[in-house]
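Summary of structural features
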Amino acid sequence: MRRYLILIITLLAVVPLVAQRTTSRDALRYGQMNEQGVWSVGVSMAPVVGVLHPLDDALGGGSVTSTGIMGFGIEGGYFVADNLRVSASFEMVDASWQGLMRSNPYDGYAALSQLRLRVGGHWHMARWDVGGGVTIGTTTLNYVAADTANGGVNDDRFGSADLRDRHSTLGLFCETGVMVSPFLRLGAFWSPSIAFGGGYSHSVGAKLTIYLPFVNSVVCK
């Protein structure tokens, strides 16, 4: 966890230095982008994410964590009032590529993934915004057993056969962000959830969003 928290903090410390200069044209752009009646769509990528997945009692309970995974999402939003945007998004994070990073390619490994639908609101202050809401989704662990014939070693928690451990989840999210340009947002998020059947899960990370507001063309000048 320490590794990705350091990366997130570093990103959020550096970007405001780049974004701190605000010209009169910038003020006009962000003022229009945050007005009542503006629609927006966004496509996001989360290059730094950490996930925690709860294990069933049959697997010994507890939890499994994974860091450095990749996430993607799509979002739609609408300003119901000046500076107040409501939004809905569908997001996915996946750690399947981590199987390629093993020191022994024949060892067993666990890959975590999460899918979630988010509905919430954001308060905008020129370039900056803060927000939160509710989430519903799933958290999944897929275990790929080792190739013991070639010297692979299994994880004692998961045994010697492939398995899939999946839970539905209900939770919250909170996030903050800054527009480094009228069309690019850098943010950080935390999404804690309760897993149906017992257990706690979450994801936390940084997110880049290509953000397209449907406003007057002055935003594009």
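Described in the following lines is the structure provided in the data block. (Residues numbered from 1 in each chain as written. Predicted model: local features only at pLDDT ≥ 70, side-chain atom pairs only at ≥ 80, totals over all residues. Heavy atoms only, no water.)

Quick look at the packing of aromatic side chains
In total, this model carries 2 aromatic pairs according to the counting rule given. Plain terms: the ring middles of Trp39 and Tyr78 are 4.4 Å apart, the flat faces sit at 45 degrees to each other, and that makes the pair tilted. One end of the pair, Trp39, is in strand β1 (residues 39-54); the other, Tyr78, is in strand β2 (residues 63-81), with 39 residues separating them in the sequence. For Tyr78, a relative accessible area of 27% gives the class partly exposed. Measuring from centroid to centroid gives 4.9 Å for Tyr143 and Phe158, while their planes differ by 45 degrees, and the two rings are tilted. Taken together, the residues span a long stretch of sequence, with Tyr143 in strand β5 (residues 128-144) and Phe158 in the loop between β5 and β6 (163-181) at a distance of 15 residues. A single burial state applies to Tyr143 and to Phe158, both of which are buried. The ring of Phe173 has Arg118 sitting right over it, with the charged end atom 3.9 Å from the ring centre. Geometry around Phe189 places Lys207 over its ring, the cationic atom sitting 5.7 Å from the centre. (Phe/Tyr/Trp six-rings, centres within 6.5 Å; stacked < 30°, edge-to-face > 60°. Helix = DSSP H or I, 4+ residues; strand = E, 2+ residues; numbered from the N terminus. Buried < 20%, exposed > 50% of the residue type's maximum accessible area, 1.4 Å probe, protein only. Lys NZ or Arg CZ within 6 Å of the ring centre and 35° of its normal.)

A word on the pairing of β2
For β1 and β2, the ladder comprises 14 bridges, and the chain directions are antiparallel. Along β2, the bridge assignment pairs Val51 with Ser66. Sheet topology places β2 next to strand β3 (residues 84-94); 11 bridges connect them, and they run antiparallel. If you follow Ala81 over to β3, its bridge partner there is Leu84. (Pairing = 2+ DSSP bridges.)

Some details on the environment of Ser63
Along the chain, Ser63 falls in strand β2. By relative accessible area, which is 36% here, Ser63 ends up partly exposed. Sequence spacing of Ser63 and Gly199 is 136 residues, and the spatial spacing of their C-alpha atoms is 8.3 Å. Each residue touching Ser63, except ones within four places of it in the same chain, is listed here: Leu52, His53, Pro54, Leu55 and Arg157. (Contact = heavy atoms within 4.5 Å.)

Details of the environment of Leu141
Following the sequence through the fold, Leu141 ends up in strand β5. Leu141 sits in the buried class, given a relative accessible area of 0%. Note: C-alpha distance between Leu141 and Leu112 (29 residues apart in sequence) is 4.7 Å. If we ignore the near neighbours within four places in the chain, the residues touching Leu141 are His53, Leu55, Val64, Ala110, Ala111, Leu112, Phe158, Leu163, Arg164 and Asp165.

Focus: the nonpolar core
Within the largest apolar cluster, 15 residues are counted, with the highest numbers of intra-cluster contacts made by Val49, Val51, Leu55, Val64, Ile69, Leu141 and Phe158. Counting residues per element, the ones that place at least two in this core are β1, β2 and β5. In this view, Val64 contacts Val51, Leu52, His53, Leu55, Leu112, Leu141, Arg157 and Phe158; residues no more than four positions away in its chain are not counted. Grouped together as the second largest cluster of nonpolar side chains are 6 residues, Tyr30, Val38, Phe79 and Met179 included. (Core = buried A, V, L, I, M, F, W, Y, C linked by side-chain atoms within 4.5 Å.)

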